[in-house]
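A structural walkthrough
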Amino acid sequence: MDGKNGSFVTEFILVGFSGPWELQIFFFVTFSLIYAATVVGNVLIMVTVIFSSTLHSPMYFLLGNLSFLDMCLSSSTTPKMITDLLAEQKTISVWGCMTQMFFMHFFGGAEMTLLIVMAFDRYVAICKPLHYRTIMNHRLLNGFVILAWTIGFIHTMSQMVLTVNLPFCGHSVIDSIFCDLPLVIKLACVETYTLELFVIADSGLLSLICFILLLFSYTVILVTVQKRSSGGLSKALSTLSAHVIVVTLFFGPCVFIYAWPFSSFASSKTLAVFYTVITPLLNPIIYTLRNQKMQGAMRKLRLQHVSSTENF
Ligand SMILES: *[C@@H]1O[C@H](CO)[C@@H](O)[C@H](O)[C@H]1NC(C)=O
């Protein structure tokens, strides 16, 4: 198998962050700390939700699953990015690159679906409080989680099936911190115009539509609450604002990266950092620091743990 312009590429070069080594060390330390905090924070939320008797409501069930997805999403790109900061040769094999893109879109697609499910959960809780427990029963919740993973899988497979067999010959430099579809597709040595359009539709348009849908549904919830009583509004506002912040931080960069991916966009590296490194950490921060019930449950679990170890 010979490529048209010489041999096939088996490795890509990730440009990563350029700059003097002091800056690379600074990024290394910063991102390592952020990643460690992401893993610890999200595991803490999962443990609290699973073991705490006060948090057995649908919202926390979904939140626990969101934390799991956040951790997975961050783990699909961040560790490689961190080790690359210290590496002389920032290379990634073509298969490594394909694997990274597969998992990123798998977890990303699942998280996108879960955020919509969480908006639905808030809608039922706030607008149909009397039927909340019957509507959001365990079967439906499990179904939602399975649906999220399924949609993530379909979303990533639909793009990867078309990407995995692309021939790469000649160019192998990816000007980013990890492999991502728009940049990798551009390196293929065949005409990829239709595939590029497909990715814009599948990742970009999908994120944009979901984002608009989510903001619209939060608006509907607020309007409904406001019509009913003025006291409920401030309570709903405080719950929903956490959701809106998370949703905006997740979808904002996605929309920018995928809906306008093929113009060379100077700050796309920064945006990429945002939704794979920063957002997965912000979710636990936003949900726990602003949530008294979560904090109370964590404190209680810690006390239980302390007293149970003292008994031994
Ligand atoms: C996430 O969903 C699964 C499957 O529905 C469930 O068994 C699990 O308890 C959930 N995780 C958390 C942390 O709530």
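The text that follows walks through the structure, step by step, so that each part is easy to find. (Residues numbered from 1 in each chain as written. Predicted model: local features only at pLDDT ≥ 70, side-chain atom pairs only at ≥ 80, totals over all residues. Heavy atoms only, no water.)

Take the packing of aromatic side chains next. Summed over the entire model, instances satisfying the criterion amount to 15 aromatic pairs. An angle of 20° between the planes, with centres 5.7 Å apart, marks the rings of phenylalanine 103 and phenylalanine 107 as stacked. Placement of the pair is phenylalanine 103 and phenylalanine 107 together in helix α3 (residues 94-127), with a separation of four residues, close to one helical turn. Here the aromatic residues Phe68, Phe102, Phe103, Phe106, Phe107, Trp149 and Phe153 are joined through ring pairs into a cluster of three or more. (Phe/Tyr/Trp six-rings, centres within 6.5 Å; stacked < 30°, edge-to-face > 60°. Helix = DSSP H or I, 4+ residues; strand = E, 2+ residues; numbered from the N terminus.)

A few words now on the layout of surface pockets. The volume enclosed by the largest pocket comes to roughly 640 Å³. Along the wall of the largest pocket there are 25 residues; nearest its centre are Met59, Arg122, Ile126, Lys235 and Thr239. Residue assignment for the lining of the largest pocket shows that the elements contributing at least two residues are α2 (58-86), α3, α4 (132-135), α7 (193-228), α8 (231-259), α9 (268-289) and α10 (292-310). Broken down by element, the residue count for the lining of the largest pocket peaks at seven residues, all from α8. A breakdown of the residues in the lining of the largest pocket according to their chemical character gives eleven nonpolar, eight polar and six charged. (1 Å grid on protein atoms, 1.4 Å probe; cavity = no way out; pocket = protein on both sides within 12 Å on 5 of 7 lines; lining within 4 Å. Points joined across faces, edges and corners; volume = space filled by probe spheres on them. Nonpolar A, V, L, I, M, F, W, Y, C, P; charged D, E, K, R; others polar.)

Taken together, the side chains of Trp21, Ile25, Val29, Leu33 and Leu86 define a hydrophobic patch exposed on the protein surface, amounting to about 530 Å² of accessible area. The dominant element in the nonpolar patch, judged by the number of residues it contributes, is helix α1 (residues 21-51), at four residues. Along the chain, leucine 86 falls in helix α2. (Patch = residues over 30% accessible without salt bridge, like charges linked within 9 Å, V, L, I, M, F, W, Y side chains within 5 Å. Areas by Shrake-Rupley, 256 points an atom, 1.4 Å probe, with all protein chains shown as cover. Salt bridge = Lys/Arg side-chain N within 4 Å of Asp/Glu carboxyl O.)

Right, let's get into the pattern of salt bridges. Per the counting criterion, the structure on display carries two salt bridges. A salt bridge links arginine 122 to aspartate 121; the shortest N-O distance between them is 2.9 Å. On the basis of relative accessibility, which here comes to 1%, the residue aspartate 121 falls in the buried class. (Buried < 20%, exposed > 50% of the residue type's maximum accessible area, 1.4 Å probe, protein only.)

Let us now look at the nonpolar core. Within the largest apolar cluster, 89 residues are counted, with the highest numbers of intra-cluster contacts made by Phe12, Phe31, Leu115, Phe168 and Phe251. Ignoring anything within four residues of it in the chain, the contact list for phenylalanine 31 reads Phe17, Met81, Ile82, Leu85, Val273 and Val277. (Core = buried A, V, L, I, M, F, W, Y, C linked by side-chain atoms within 4.5 Å. Contact = heavy atoms within 4.5 Å.)

Another point: the site of the ligand. Within the structure, the ligand sits among Val49, Ile50, Phe61, Gly64, Asn65, Asn142 and Val145. Take asparagine 65: an N or O atom from its side chain is 2.5 Å from an oxygen atom of the ligand. Asparagine 142 is positioned with one of its side-chain polar atoms (N or O) 2.5 Å from an oxygen atom of the ligand. About the coverage of the ligand: the protein hides 67% of its 360 Å² of free accessible area. At the level of secondary structure, the elements contributing two or more residues to the shell around the ligand comprise α1, α2 and α5 (138-163). (Near = heavy atom within 4 Å. Polar contact = N/O pair within 3.5 Å; in protein donor to acceptor, adjacent residues only side chain to side chain.)

Here the focus is empty space enclosed by the protein. Counted according to the given criterion, the structure contains two cavities of 30 Å³ or more. In this structure, the largest cavity encloses a volume near 120 Å³. His105, Gly108, His155, Cys254 and Tyr258 are, among the 14 residues lining the largest cavity, the residues nearest its centre. Only α3, α7 and α8 provide two or more residues apiece to the lining of the largest cavity. Among the elements that take part in the lining of the largest cavity, α3 stands out by supplying five residues, more than any other. A breakdown of the residues in the lining of the largest cavity according to their chemical character gives seven nonpolar, six polar and one charged. Roughly 60 Å³ of internal volume is contained in the second largest cavity.

Function-wise, these values are silent; they only describe arrangement.
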